[in-house]
Structure formats: C-alpha cells, structure tokens
Amino acid sequence: MQEPVQVLTPLFLQGLRRSVGGSTLALFFDTYERTAAYLDRWIRDVLSGQYGIVPGKIVISIAGQHELRRNHWEPHERIVARLRLDPFTPEEAREYLTHKGVANPEVIDTILQLSGRVPVLVATLAAGNPTDAAEVGDPTGTAVERYLKWVDDAKQRQLVLDASLPRKLNRDVVGILTGDHDGPALFEWLRGMPFCQDRGAEAAGWTYHSLVRAQMLRYKYREAPRSWGESHSRLAEYYDCLRESLQLSEQEGLRDASFQSYLLESLYHRLCQAPHKCLSISLNHFLTAFSTDRSLARRVAITISDAGADAANPELREWGGRLLNGTDAYQQQDGANAIRMFTALLEGQALHPQQRSIALGRRGHLYRETGQYEKALLDLDEALRIEPDEMRHLRVRSLTFSELGQHDRALADRHKAMTTKPDDADLLADRAREYRALGRYDDAVADLDRALEIDPRYAWALSMRGNVYSLLGRYEEALIDLTSALEIDPTDVLARIRRAVVYQRLGRYEEELQDLTNLLEIGPNYCAFHSLRGRVLSDLGRYKEALSDFTSALEADPRDDSALANRGRCYHLMGRYEEALVDLTSAVEINPQSAWSVGQRAQTYLVSGKFQPALSDINQALGLVPNDRFFRYVRALIYRILGSPEMADRELEAALRIAREDYDRDRSDWPAAICVALFQLADGDSSAALDTYQEALDRGCPVGFVLEATHYLTDFINLFPDTDNATSIRERLQDYTADRL
C-alpha cells in the first residue's frame with residue numbers, strides 16, 4: 001500500500017463510529033514528546049475532518065512532557081482543555097493516603113519525603129498499607145525503572161544514572177562521565193530524553209527534572225557508592241581545570257561570572273564526594289565571597305545546601321540553611337540573626353586566618369550597628385591582630401571609637417589607614433570628621449581641601465567643609481560649600497539642614513525657611529523636618545504657622561517628645577501657659593532625661609506663678625546639666641521670688657560668670673551675648689545690660705537671636721515689672737527686629 005494513512009484513516013474512523021454507538025470512547029496517546037513527530041499532524045488532520053466525520057462522543061487524551069504547540073493547535077483551541085500534571089500538593093497527598101487507609105502521621109511524612117509527592121510513587125509506597133515508618137520501602141528502584149523503561153542500550157542506561165550527578169549538563173560533562181569518544185553522540189541522545197530540560201541560553205546547559213534527578217541520585221548513591229565518589233571527583237577536577245584556564249587571580253575571579261560558576265560546581269561535587277572533609281573549605285570560600293560579593297556568598301550557601309540534600313548529609317543541609325538565613329538577615333539589617341551566623345562560623349569550623357579575620361570584622365561591624373560597642377572592639381582588635389593593615393577593620397574600629405567619644409583613638413586608626421593610601425579622598429574626609437569632633441577645625445579644613453583637590457565634586461566633603469566653616473564663624477564660605485554640595489546632590493538632607501543653620505546665623509530667615517520647606521518635599525512624612533521649621537517659625541513670632549508644623553509632626557509620631565516640647569514652648573511664647581504645660585508634661589513623661597524639656601517646663605511654671613513645681617523642675621534639669629547658664633539664671637529668679645536672696649545672688653553670679661566666659665571665648669556666640677546682657681539686668685546693672693545689648697546689635701547680631709532676647713525680656717518683665725529700663729530695652733530690641741523682618 002503506497003499511501004496507508006490516506007487509505008486506513010477513513011476506515012479507522014468508520015470503525016470508531018460503529019463502536020461508539022451511544023457511549024463515549026476515549027483514545028490515549030502517551031509519551032507524546034517522543035510520538036508527536038509521527039502523530040501530531042495526523043491527529044490535527046483527523047480533527048479537521050480531512051479523513052471523514054469524527055464521532056461526536058470521543059475524547060482524545062494526549063500526555064507528554066511538553067505542552068501542545070499553540071500555533072499548531074489554534075484552530076482546535078475551543079475543544080482543547082489543557083491540564084498540568086504536577087506532583088500532589090501536601091494536602092492532596094495526605095488526602096489520598098488517608099483514603100488508602102494510611103493513618104500513621106510518621107508513615108505519611110516518610111511517604112511524602114521518599115516519593116517527592118509524585119502520584120505513582122505515592123501509590124507505590126501506600127500499596128502495602130504500612131502502619132510503621134520502618135515498613136515503608138524506598139520507591140527509588142521502581143521510579144528509575146519507569147524512567148528507563150524505553151532504554152535498552154546498557155551504555156545509555158548507565159549514562160542516564162551518571163548524568164544525574166551534575167547540577168547542569170553539557171557535551172563536555174557527558175564526555176567526562178562516559179570517558180570515551182561516544183560522549184558527543186550520547187549527549188545528543190540524552191538531551192532528547194523527556195526528563196532532560198534545557199536550562200536556557202543564560203544557564204548554558206541542561207538538567208534533569210528535579211523530581212527525576214532526586215530519585216536517580218538516591219538510586220545511584222545506594223547502588224554504587226564507589227562510582228558516586230569517583231564521578232564527583234572527576235567532575236570537580238574538570239571544573240577546577242576550567243577555572244584555572246581563565247588565568248585570573250582569585251580577586252579578579254570572584255568578580256567574573258564564569259569563574260564563579262566553575263567554583264560553585266567544583267565545590268558542589270567535592271562536597272558530594274567528601275562532605276566532612278570539604279565543608280571547612282566551602283565555609284572559607286563563603287567568607288571570601290561574603291567580603292567581595294554577597295550574591296555570590298548566597299550562591300555558595302545554596303551550593304552547600306544542595307550538596308547536603310543530594311548526598312543525604314544533614315550537616316551540610318544545616319550549614320547551608322544557616323548561611324542562607326544569615327546572609328539574608330545581613331541584607332535585611334537583622335543584626336541579631338546575622339551575628340549568630342558569624343558566631344557559628346567562628347566557633348564551629350577551622351577557618352583560615354584571613355577568613356577568620358573577615359568573620360570577626362563583619363561581626364564587629366554588626367555589634368557596632370546594634371550598639372554593642374565593647375564586643376565590637378574585642379572582635380575588631382582580634383581581626384586587626386590577624387590583618388593589621390586591613391582598611392575595612394580600621395574604618396569600623398575608628399567609627400566605634402568615635403561613637404564612644406574616644407576621638408583620639410579614632411584619629412589614630414584614621415592615621416594608620418592613611419599610611420597605605422595617603423591620597424584617598426574618602427580617608428581624608430573620614431579623618432577630617434575626627435578632627436572636627438576634637439575641635440581641630442583648621443586640620444579638618446586642610447584634609448577636606450586635599451580631598452576636594454582629588455575629587456572636586458565630592459559632595460559629602462563639601463558639606464562637611466561647609467559645616468566646619470560654620471563652626472569657625474566663616475558663614476559666607478560655609479554657604480558657598482553647602483550650596484555647591486546641594487547642586488551636586490539636591491536630596492542631601494544633612495547638607496540642606498546645615499545650610500539652613502548658616503542662613504539662620506546670617507539672619508536670612510526666608511532662605512532658611514525655604515531650605516526647611518524643601519526638606520519636607522524630600523521627606524514629607526518625616527516629622528523632624530516639621531519640627532525644625534516649626535521652631536524657626538516660632539522664633540520669628542509666626543506662631544500659628546509654627547503650631548501647624550508641630551501638630552503635623554505629632555500626627556506622624558504622637559510620642560515625638562521634641563515636637564511636644566517645642567509646641568509647648570510655642571504656647572509659652574503666645575502666653576498660653578496651661579496648654580504649654582500639657583505639652584511639656586507629656587514631653588517630660590516620654591523622655592525624662594531631656595534637660596531642655598524639663599528646663600522649659602520650669603520656665604513655664606515660673607511665669608504662670610507655680611513656683612514650687614518650677615523649683616523642682618529646674619533642680620532636675622541642673623542635675624542633668626549642672627553648668628547650664630540659663631538654668632542657673634532661672635533658679636536664681638525662683639529663689640528671689642521665694643524670698644531666698646542669698647541663694648538667688650549665688651545662682652545669678654554663677655550664671656553670669658559662665659555666660660561671660662563663653663562670650664569672651666567667642667565674640668560671635670550670640671546666645672552667650674544675650675545671656676550676659678539679661679543676667680546683668682537681673683543683677684540690677686541695667687546700664688551694663690544696655691551696653692551689652694547695644695554691642696551685640698552694633699556687631700550685627702542676627703535677628704533671630706534678638707527675637708530670642710526679646711522673649712526672655714518679656715518673661716522677666718512679667719515677673720519683675722518694676723525693674724529699671726527693662727521695658728525700654730525691650731522696646732529698643734523690638735525696633736531693631738521690626739526694621740529687619
């Protein structure tokens with residue numbers, strides 16, 4: 001017969017029509033990934049009516065590894081139902097086992113583990129209705145036989161088993177496994193097997209379906225343990241050779257995708273070959289990767305975990321999980337869990353010195369981040385004994401010293417770090433920060449000048465130099481630097497806050513308010529920005545706007561004690577003392593260690609005539625800050641009102657002495673200047689007070705500080721209305737501010 005399909009198919013359909021009658025007939029086509037080449041076009045032609053009428057009550061079931069090609073089957077989509085056959089879900093598997101009479105939870109868990117929830121394997125293990133976990137057999141042999149039932153050639157059958165060992169397959173890997181010239185042909189055959197999947201161009205290889213591979217690995221390990229080890233050894237050597245052929249140093253290689261891939265596969269095979277022996281090697285590789293590329297470190301952890309699962313080694317599985325959890329915790333800034341990982345590494349395995357240094361340095365960093373400074377220093381000291389010049393360890397230890405207020409020791413670490421990189425802009429800026437903390441402003445400026453010579457667009461260095469210039473009273477230079485920093489990075493919050501402070505010092509309040517408004521555009525829900533702007537507005541007497549800002553801050557965070565205290569101060573300046581006391585009391589309850597909040601409440605108690613609570617509060621504030629000049633002044637006023645003139649005079653004398661020392665040391669210290677004048681007035685020397693106020697005005701005291709002086713005078717006059725010249729001095733200050741606002 002020359003055309004059997006054209007002749008026989010109509011006869012086949014005719015026979016089906018006679019057979020169906022009133023029933024439904026089912027046709028099954030299995031292993032379609034292999035038979036589709038012969039059947040797919042024929043079935044579609046049959047359904048299209050090319051060979052005659054197809055019985056109405058007929059169901060065709062097609063089973064295969066791959067989905068039917070949609071572009072070919074598009075004309076028949078209305079009659080096609082696509083069903084994906086996955087392993088049972090845990091719930092489905094348990095329901096099936098219960099239906100089969102398997103009730104023991106331990107037996108059920110064992111069956112789920114051994115079967116991978118593959119339906120045919122679940123059924124195989126449940127067939128004997130086991131009542132004890134020990135009675136559950138291993139379905140591996142049954143599963144493997146089902147996968148190999150189409151393979152008759154002994155060499156091909158052996159390859160199928162051996163090729164389950166590598167995590168990815170290619171022609172070269174198959175050649176290593178077979179060890180003969182048939183490798184390329186065998187690979188072409190293997191990749192046509194239904195369970196062999198193309199990993200895609202990026203992965204550059206093939207792999208077994210995960211469930212099939214798990215069964216074959218278990219079978220291979222059980223049936224041929226010696227061959228298992230030898231094959232893994234050959235594969236590890238193969239990947240080591242590939243890695244060496246790249247001719248990259250380890251530092252270069254850890255940033256190269258091919259080097260990383262070869263390293264991971266070599267580690268996997270060595271761990272499968274000799275788990276205990278190679279675990280410490282893998283952990284050292286993990287730490288090296290962690291210091292270079294945390295995504296690579298995570299892949300090392302996955303490799304250890306994979307080897308543990310595939311070689312049935314609980315220790316590897318446990319370490320893989322621990323490293324994965326620890327790496328993820330580090331990324332998510334979960335310090336406690338990340339610390340536990342590094343502690344396990346330091347305690348449990350023999351680390352090489354360099355890797356031990358890495359683990360100590362990272363744990364030290366985490367201890368610092370979580371405020372455990374003493375533990376941080378212990379780790380960093382030990383890390384630096386191993387690697388005395390390691391820049392990262394020196395930097396973290398210097399930051400730790402700095403946060404502990406030990407700036408001399410922090411500076412020593414900065415000096416040491418710079419011996420190897422004297423022209424590093426980051427190190428120069430870091431050292432400048434310590435100089436600034438020590439009050440060595442000229443040295444800080446010198447380092448920042450050098451850093452900006454190296455990198456003129458170093459925004460952070462510009463911002464810091466602007467801050468140091470501000471501390472030196474060189475406000476115009478500070479303004480230039482801070483503006484330049486913000487031109488480079490308009491979202492730099494710290495630089496904008498610093499520039500707002502400079503604008504305040506220069507009396508340019510509208511520009512200060514604009515910077516603070518810009519901060520709210522950057523972080524509209526950040527309550528501190530509302531508080532900052534509210535404080536400026538209240539100082540300028542724009543109380544309604546200030547109250548709105550403080551209220552917005554408190555809507556975002558009702559327990560913001562700073563916003564509460566500042567709103568209380570605003571109410572105080574408005575003369576709304578009871579509302580002020582409500583806010584200030586809330587602020588003190590939230591943070592009783594805030595001397596400013598306690599002292600502000602003392603002042604409000606004082607002007608509202610509640611002298612004993614005022615005395616209690618000012619004593620508490622001075623317990624927190626014993627030499628605060630303004631708190632000493634407030635206590636002097638309370639003693640005077642309570643009829644203790646000698647104690648009042650002693651407190652006022654101490655307050656005036658402290659204020660004069662501050663003002664003599666820095667004639668641009670405007671808060672000190674207005675305190676000297678106010679204390680002189682309280683001491684009865686109104687002439688000296690007037691001279692001090694006038695000197696400050698003549699020397700260009702910014703309007704904001706003059707407004708603050710006016711607020712202080714208002715409280716003083718309310719308490720002592722008969723003091724000579726107090727009212728006329730206040731009027732002069734008010735005229736000064738009115739001309740400039």
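As a reminder, the structure under discussion sits directly above these lines.
Basis of the calculations
- Residues numbered from 1 in each chain as written.
- Predicted model: local features only at pLDDT ≥ 70, side-chain atom pairs only at ≥ 80, totals over all residues.
- Heavy atoms only, no water.
- Helix = DSSP H or I, 4+ residues; strand = E, 2+ residues; numbered from the N terminus.
- Buried < 20%, exposed > 50% of the residue type's maximum accessible area, 1.4 Å probe, protein only.
- Contact = heavy atoms within 4.5 Å.
- Areas by Shrake-Rupley, 256 points an atom, 1.4 Å probe, with all protein chains shown as cover.
- Lys, Arg positive; Asp, Glu negative; His and termini not counted.
- Charge placed at Lys NZ, Arg CZ, Asp CG, Glu CD.
- Salt bridge = Lys/Arg side-chain N within 4 Å of Asp/Glu carboxyl O.
- Expected span 1.5 Å × (residues − 1).
- Bend = angle between axes of the 7 residues up to and from the residue.
- Pairing = 2+ DSSP bridges.
- Axes fitted to C-alpha atoms, helices over the stretch in contact; angles between N-to-C directions.
- Parallel < 35°, antiparallel > 145°, perpendicular 65-115°, else oblique.
- Left-handed = near helix turned anticlockwise from the far one by under 90°.
- Nonpolar A, V, L, I, M, F, W, Y, C, P; charged D, E, K, R; others polar.
- Patch = residues over 30% accessible without salt bridge, like charges linked within 9 Å, V, L, I, M, F, W, Y side chains within 5 Å.
- Phe/Tyr/Trp six-rings, centres within 6.5 Å; stacked < 30°, edge-to-face > 60°.
- Lys NZ or Arg CZ within 6 Å of the ring centre and 35° of its normal.
- Arc of directions from axis to C-beta.
- Disulfide = S-S within 2.5 Å.
- Core = buried A, V, L, I, M, F, W, Y, C linked by side-chain atoms within 4.5 Å.

J.: What am I meant to see in the overall build of the protein here?
T.: The helix and strand tally for the protein stands at 40 helices and four strands. Within the protein, the proportion of its 741 residues that are buried is 48%. Considering only contacts in the protein between residues 6 or more positions apart, those separated by 24 or more positions represent 56%. With an accessible surface of roughly 36,500 Å², the protein has 48% of that area assigned to carbon and sulfur atoms. A distance of 6 Å separates the average location of the 88 positive side-chain charges in the protein from that of its 111 negative side-chain charges.

J.: Would you explain the pattern of salt bridges in this entry?
T.: Proximity of charged atoms lets side chains of opposite charge pair with each other. Summed over the entire model, instances satisfying the criterion amount to 53 salt bridges. With a closest N to O distance of 2.6 Å, Asp 379 and Arg 363 form a salt bridge. Here Asp 379, found in helix α20 (residues 373-386), pairs with Arg 363, found in helix α19 (residues 353-369); they are 16 residues apart in sequence, far enough to count as distant. For the pair Asp 379 and Arg 363, one class covers both residues: buried. The residue Asp 443 makes a salt bridge to Arg 440 at a minimum N-O spacing of 2.9 Å. Relative accessible area serves as the criterion here: at 31%, Asp 443 is assigned to the partly exposed category. Look at Arg 440 and you get partly exposed, because its relative accessible area is 38%. Three or more residues joined by partner-sharing salt bridges are found here, namely Glu 67, Arg 70, Glu 77 and Arg 82.

J.: Got a minute to help me understand the environment of Thr 517 in this structure?
T.: As for its position among the elements, Thr 517 is in helix α28 (residues 509-522). The spatial distance from the C-alpha of Thr 517 to the C-alpha of Leu 532 is 9.7 Å, given a sequence separation of 15 residues.

J.: What is the right way to read helix α2 (residues 32-47) from this model?
T.: Note: α-helices contain 3.6 residues per turn, so residues at a spacing of three or four share the same orientation. Compared with the 22 Å implied by 1.5 Å per residue over 16 residues, the 17 Å span of α2 between its first and last C-alpha is markedly short. Tyr 38 marks where α2 bends most, by close to 60 degrees. Among the residues of α2, Tyr 32, Asp 40, Ile 43, Arg 44, Asp 45 and Val 46 are the ones counted as buried. Lining the buried residues of α2 we find α1 (4-20), β1 (25-29), β2 (58-62) and α3 (70-73). Just past α2, the residue Gly 49 takes up positive phi, approximately 85 degrees.

J.: Quick question: what am I supposed to make of the environment of Pro 613 here?
T.: Mapped onto the elements of the fold, Pro 613 is located in helix α34 (residues 611-624). Under the relative-accessibility criterion, Pro 613 is labelled partly exposed at 34%. Here the alpha-carbon distance between Pro 613 and Arg 601, two residues twelve residues apart in the chain, equals 9.1 Å.

J.: So what exactly am I meant to see when it comes to the environment of Glu 250 here?
T.: Structurally, Glu 250 can be placed in helix α13 (residues 250-253). Discounting chain neighbours no more than four positions away, the residues touching Glu 250 are Phe 259, His 285 and Thr 288.

J.: Explain the pairing of β1 to me, please; I cannot follow it from the model alone.
T.: On any regular strand, side chains alternate: one points to one face of the sheet, the next to the other face. As defined by bridge partners, β1 adjoins β2 across five bridges and the pair is classed as parallel. Paired with Leu 27 across the bridge in β2 is Ile 60.

J.: Please clarify how the packing of helix α23 (residues 425-437) against helix α24 (residues 441-454) should be interpreted in this entry.
T.: The axes of two packed helices give the description: the angle between them and the distance between them. It is the contact of α23 with α24, at a shortest axis distance of 8 Å, that shows an interaxial angle of 165 degrees. Put simply, α23 runs roughly antiparallel to α24. The handedness of the crossing between α23 and α24 comes out as left-handed. Here Ala 425, Leu 428, Ala 429, Arg 431, Ala 432, Tyr 435 and Arg 436 of α23 lie close against α24, whose contacting residues are Tyr 441, Asp 443, Ala 444, Asp 447, Leu 448, Arg 450, Ala 451 and Ile 454. Broken down by class, the residue content of the contact of α23 with α24 amounts to ten nonpolar, no polar and five charged.

J.: I'm lost on the side chain of Asn 467 in this one. Help?
T.: For Asn 467, the location among the structural elements is in helix α25 (residues 459-471). In this structure Asn 467 touches Arg 436 and Arg 498, once residues within four positions along its chain are discounted.

J.: What should I look at first to understand a negative patch on the surface in this one?
T.: Residues Glu 646, Asp 649, Glu 653, Asp 683, Asp 685 and Asp 691 make up a contiguous surface patch of negative charge. With three residues, helix α36 (residues 645-665) is the single largest residue contributor to the negative patch.

J.: Is there a simple way to think about unusual backbone geometry in this case?
T.: Note on backbone geometry: most residues besides glycine have negative phi, and most peptide bonds are trans. Phi is positive for Gln 333, close to 60 degrees, though the residue is something other than glycine. Topologically, Gln 333 is positioned in the loop between α17 (314-331) and α18 (335-348).

J.: Whenever I open this one, the packing of aromatic side chains confuses me. Can you help?
T.: Given two aromatic rings, their pairing is described by the distance between the two centres and the angle made by the two planes. Counting across every chain of the model gives 15 aromatic pairs. Taken together, a centroid distance of 5.2 Å and an interplanar angle of 75 degrees make the contact between Phe 187 and Trp 206 edge-to-face. Here the residue Phe 187 occupies a position in helix α10 (residues 183-190), and Trp 206 occupies one in strand β4 (residues 206-208), the gap between them amounting to 19 residues. Note on Phe 187: relative accessible area 2%, which makes it buried. On the numbers, 6.4 Å between centres and 35 degrees between planes, the contact of Tyr 458 with Trp 460 is tilted. Its relative accessible area of 29% is what places Trp 460 among the partly exposed residues. Ring pairing ties together the aromatic residues Phe 286, Phe 290, Tyr 330 and Phe 342, which thus form one cluster. Note that Arg 294 overlies the ring of Phe 290, its terminal NZ or CZ placed 5.7 Å from the centroid.

J.: Where do I start with α10 in this structure?
T.: Among all positions of α10, only Gly 183, Leu 186, Phe 187 and Leu 190 are buried. When α10 is viewed along its axis, its buried side chains cluster within an angular range of 105 degrees and face the same direction. Where α10 is buried, its residues touch α8 (154-162), α9 (171-178), β3 (196-198) and β4.

J.: Explain the state of the cysteines here, please?
T.: By definition, a disulfide links the sulfur atoms of two cysteines through a covalent bond. All told, the structure shown has zero disulfides when counted by the stated rule. Note on Cys 675: no disulfide assigned, nearest cysteine sulfur contributed by Cys 701 at a separation of 11 Å.

J.: Is there a simple way to think about the nonpolar core in this case?
T.: Side chains that are nonpolar tend, in soluble globular proteins, to be buried together. Counting residues in hydrophobic clusters, the biggest one holds 71 residues, and the most contacted among them are Leu 169, Leu 190, Phe 286, Ile 304, Leu 323, Phe 342 and Leu 345. Among the elements that make up this core, the one with the highest residue count is helix α14 (residues 257-273) (eight residues). Among residues more than four places away in sequence, those in contact with Leu 345 are Leu 283, Phe 286, Leu 287, Trp 319, Leu 323 and Leu 351. Judged by nonpolar contacts, the second largest core, of 57 residues, contains Ala 595, Leu 622, Ala 682 and Tyr 736.

Keep in mind that these numbers describe shape and distance, not what the molecule does.
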